[in-house]
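The primary structure of each chain is shown beneath.
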Amino acid sequence: MNAFGLIQIGLMLSSATIISSLQCHHLPLQQRKVIENSLRLLDKMGKEFPQKCLREKMSFRFPMQVLQPRQKETVGVAIEEIFQHIFYIFSKNLTLAAWDGTALDQFQNGLYLQIEQLEACVIKKHTQHRWSKEASRLKLKKYFQKIDCFLKDKQHDLCSWEISRAEMRKCLQLIDKATRKLKN
């Protein structure tokens, strides 16, 4: 390969790096848009919360401390992990949920794209920062395991899905609140 070809490759690589870093720089704004859209899609997926499910309410207790660390990078890793857990939960046995399939697909696709973007941004910075507190990661895992076990225990019935959908709404709202704080 000649010198001109090497220069072209170098320019393409540096352009890709610049574009990628610009996307990472605008990630909080993108996250807010994704969260806003995800909340809208969660509402569109199902109808109003069924009255018959009110007596089955469950408190899963989201581990708030995972979204309150001192470093932006750590919050980004936590948000990526939360999105992965939400994606996993909404990729399970949804047959009894009776939700709008198109809205569900759009919700899952939006989460997937956001996970991809977060991974690309977090991996760059993650080489410097390990997710500082494994305890935080474990708390998140336990939180989502409770939701998963609840769904399994209730055999993925309509009420368990509606309660889980309401809980995912809370998660997204907490992420939105945390990203707004990071910007300030």
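Residues numbered from 1 in each chain as written. Predicted model: local features only at pLDDT ≥ 70, side-chain atom pairs only at ≥ 80, totals over all residues. Heavy atoms only, no water.

### Observations concerning the overall build of the chain
In step 1: A tally of regular secondary structure across the chain gives 6 helices and 0 strands.
In step 2: Reading the helices (α) and strands (β) of the chain from amino to carboxyl end gives α-α-α-α-α-α.
In step 3: Counting every position in the chain, which comprises 184 residues, the buried fraction comes to 41%.
In step 4: Intrachain contacts of the chain at a sequence separation of at least 6 include 84% that bridge at least 24 residues. (Helix = DSSP H or I, 4+ residues; strand = E, 2+ residues; numbered from the N terminus. Buried < 20%, exposed > 50% of the residue type's maximum accessible area, 1.4 Å probe, protein only. Contact = heavy atoms within 4.5 Å.)

### Notes on the side chain of E56
In step 1: With respect to the element layout, E56 can be found in the loop between helix 2 (27-45) and helix 3 (72-89).
In step 2: For E56, a relative accessible area of 18% puts it in the buried group.
In step 3: Each residue touching E56, except ones within four places of it in the same chain, is listed here: F150, K154, C159 and I163.

### A look at the pattern of salt bridges
In step 1: A complete count under the given rule lists 7 salt bridges for this structure.
In step 2: Notably, a salt bridge pairs E81 with R137, separated by 3.0 Å at the nearest N-O pair. Residue E81 is found in helix 3, and its partner R137 is found in helix 5 (residues 134-153); the two are separated by 56 residues along the sequence.
In step 3: Note on E81: relative accessible area 10%, which makes it buried.
In step 4: According to the relative accessible area criterion, R137 is partly exposed, its value standing at 25%.
In step 5: For the salt bridge of E167 with K170, the shortest nitrogen-to-oxygen distance reads 3.6 Å. One end of the pair is E167 and the other is K170, both in helix 6 (residues 158-183) and 3 residues apart, which spans about a single turn.
In step 6: A relative accessible area of 6% places E167 in the buried class. (Salt bridge = Lys/Arg side-chain N within 4 Å of Asp/Glu carboxyl O.)

### Details of the nonpolar core
In step 1: In terms of nonpolar packing, the biggest core is built from 39 residues, with L67, F83, I86, F90, F107, F144 and M168 touching the most fellow members.
In step 2: Every element with two or more residues in this core is listed here: helix 2, helix 3, helix 4 (101-126), helix 5 and helix 6.
In step 3: Residues in contact with M168, not counting those within four places in the same chain, are L42, I86, I89, F90, F144 and I147. (Core = buried A, V, L, I, M, F, W, Y, C linked by side-chain atoms within 4.5 Å.)

### Re the environment of W99
In step 1: Tracing the chain through its elements places W99 in the loop between helix 3 and helix 4.
In step 2: On the accessibility criterion, W99 (12% relative accessible area) is buried.
In step 3: Not counting residues up to four positions away in its chain, the partners in contact with W99 are M45, G46, F90, L94, L104, W161, E162 and R165.
In step 4: Only 2.7 Å separates the side chain of W99 from the side chain of E162, close enough to count as a polar contact. (Polar contact = N/O pair within 3.5 Å; in protein donor to acceptor, adjacent residues only side chain to side chain.)

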